[in-house]
Amino acid sequence: MNEMNIIPHSKPFIGSSEIEQVCKILASGKIAAGTQVSLFEKYFSKFMGLKNAAAVSSGTAALYLALLALKIKNNDEVIIPSYVCTAVLNAVTLSNAKPVFADCNSDDYNISAEDTKKKITTRTKAIIVPHLFGLPADIKTICSFGIPVIEDCAQTLSADCYGKKAGQWGEISIYSFYATKPFTTGEGGMALSNNKKYTEFIIDYINYDEKTDLEPRFNFKMTDFQAGLGIIQLKRLPDFLKMRKIIANKYNKAFSEKGLLLPVSYPEKEHTFFRYVIGNVAKIDKKLSAFQKKGVTVRRPIFMPLHLYLKKKGFINSEKAWNTSISLPIYPQMTNKEIDKVIEIADDIL
Ligand SMILES: *Cc1c(COP(=O)(O)O)cnc(C)c1O
């Protein structure tokens with residue numbers, strides 16, 4: 001198969017305004033963190049309806065710094081789902097806290113509020129709630145437990161969620177602008193909060209120069225040309241999200257009669273379709289390679305549940321999701337021809 005004909009799992013959209021803007025910033029000679037980073041922080045926090053922002057070098061860095069801002073330290077327990085990428089576990093491990101896993105829901109794959117509640121002890125100091133695949137988690141319930149919550153919005157930006165937006169519930173929310181995320185700066189991340197003390201802590205932490213003390217600090221800064229790219233991408237985000245919905249609706253229609261577990265919809269939570277995940281699929285390894293042979297890149301939505309890395313047992317829904325879910329290609333500039341090809345081949349294989 002010609003590489004050009006393979007439909008990727010996801011793909012960033014970079015237009016000519018992005019290229020012009022980045023070139024302009026490079027030509028200005030001011031390329032490290034400066035005015036563009038400040039502007040990006042201002043526009044993005046305004047878009048998200050939160051007061052304070054700290055732009056950083058990645059989503060993982062934002063998660064790690066959010067934990068430090070909450071004063072998480074040795075032997076504190078931090079609850080995270082098992083069914084999520086290792087970035088979340090890495091941030092907890094790096095902060096020296098003890099990760100405690102919660103299982104996911106069986107139908108929408110987000111962290112189970114019920115299991116989270118069961119895992120709370122006197123040592124629980126934070127809960128990280130990732131909103132997976134574009135769908136907000138049960139954040140309203142989890143915030144009612146009274147433990148500080150970090151919302152991981154790397155996959156789910158600004159989705160309506162019980163009268164607010166995903167990202168507006170926790171103490172701190174974090175974002176990733178990696179190439180495949182809802183919009184991109186190549187690599188990059190942000191932490192937002194209505195509480196200034198958290199973002200001020202992060203901004204101080206990532207700026208080591210001209211300090212009179214030797215408190216631990218580390219450079220996790222974003223550059224001005226990444227921020228300039230982010231400012232243009234952010235303007236396109238509403239259109240990106242619209243396109244994702246159109247594609248998901250086509251998939252929903254095409255697969256509705258096949259007895260598969262399609263993305264769940266809730267009246268009070270908006271699905272923004274970062275991923276289009278289908279569950280209840282048997283023999284997925286065979287099916288993934290069948291898709292690849294036909295030139296369509298289909299993936300496991302999560303590479304491996306975290307509890308399996310640590311040889312832990314008892315996360316039934318996470319294991320079922322891992323064994324029976326697949327993620328179809330979805331990205332804003334997918335052409336009708338590509339969408340039709342995915343539908344035709346999926347119809348054949350599933
Ligand atoms: C991508 C992602 C991250 C990590 O972001 P990076 O920018 O790649 O470090 C964290 N959490 C979730 C849910 C993600 O999807």
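Before reading further, recall that the structure is shown in the block above.
These numbers come from a predicted model, not from an experiment.

A. A look at the sheet that holds strand β9 (residues 189-193). Here seven strands make up an open sheet; going across it, the order is β1-β9-β8-β5-β4-β2-β3 and the pairing mixed. Looking along the sheet, the strands with just one partner apiece sit at the ends: β1 (52-56) and β3 (98-102). Direction aside, neighbouring strands of the sheet carry axes that sit 20° apart on average. Two elements, strand β8 (residues 172-176) and β9, share four bridges in a ladder whose sense is antiparallel. Bridged to I174 within β9 is A191. Packed on one face of the sheet, helix α3 (residues 59-69) meets β1, β2 (77-81), β4 (124-130), β5 (149-152), β8 and β9 and runs near 165° to β8.

B. Spatial organisation of the site of the ligand. What surrounds the ligand is the set S58, G59, T60, C85, A87, V88, D152, A154, Q155, S176, K181 and G188. Contact between the ligand and G59: an oxygen atom at 2.8 Å from a main-chain N or O atom of the residue. K181 is positioned with one of its side-chain polar atoms (N or O) 2.9 Å from an oxygen atom of the ligand. Out of a free accessible area of 390 Å², the ligand has 89% covered by protein chains. Secondary-structure elements contributing two or more residues to the shell around the ligand are α3 and α4 (86-94). Here the residues of the shell around the ligand are counted per class, giving four nonpolar, six polar and two charged.

C. Looking closely at the packing of aromatic side chains. Per the stated rule, a full pass over the model turns up 19 aromatic pairs. Ring geometry for F40 and F44: centres 6.2 Å apart, planes at 40°, overall tilted. Here F40 and its partner F44 are both found in helix α2 (residues 35-48), four residues apart, which amounts to about one turn of the helix. For the pair F40 and F44, a shared accessibility class is recorded, and that class is buried. When the ring of Y64 is compared with that of F220, the centres are 6.0 Å apart and the planes differ by 70°; the resulting orientation is edge-to-face. Note that Y64 is positioned in helix α3 and F220 in the loop between α7 (196-206) and α8 (224-255), a separation of 156 residues in sequence. A relative accessible area of 12% places Y64 in the buried class. By relative accessible area, which is 15% here, F220 ends up buried.

D. Representation of the pattern of salt bridges within the structure. This model, assessed by the stated rule, comprises 14 salt bridges. One network of salt bridges, in which partners are shared, links D204, K211, D213 and R217.

E. Quick peek at the side chain of S193. Among the structural elements, S193 can be located in strand β9. Here the side chain of S193 touches N195 through a polar contact of 2.9 Å, landing on its backbone nitrogen. Those residues in contact with S193, other than ones at most four positions away along the chain, are L50, K51, N52, E171, I172, Y198 and T199.

Rules of the game
Residues numbered from 1 in each chain as written. Predicted model: local features only at pLDDT ≥ 70, side-chain atom pairs only at ≥ 80, totals over all residues. Heavy atoms only, no water. Pairing = 2+ DSSP bridges. Helix = DSSP H or I, 4+ residues; strand = E, 2+ residues; numbered from the N terminus. Axes fitted to C-alpha atoms, helices over the stretch in contact; angles between N-to-C directions. Contact = heavy atoms within 4.5 Å. Near = heavy atom within 4 Å. Polar contact = N/O pair within 3.5 Å; in protein donor to acceptor, adjacent residues only side chain to side chain. Areas by Shrake-Rupley, 256 points an atom, 1.4 Å probe, with all protein chains shown as cover. Nonpolar A, V, L, I, M, F, W, Y, C, P; charged D, E, K, R; others polar. Phe/Tyr/Trp six-rings, centres within 6.5 Å; stacked < 30°, edge-to-face > 60°. Buried < 20%, exposed > 50% of the residue type's maximum accessible area, 1.4 Å probe, protein only. Salt bridge = Lys/Arg side-chain N within 4 Å of Asp/Glu carboxyl O.

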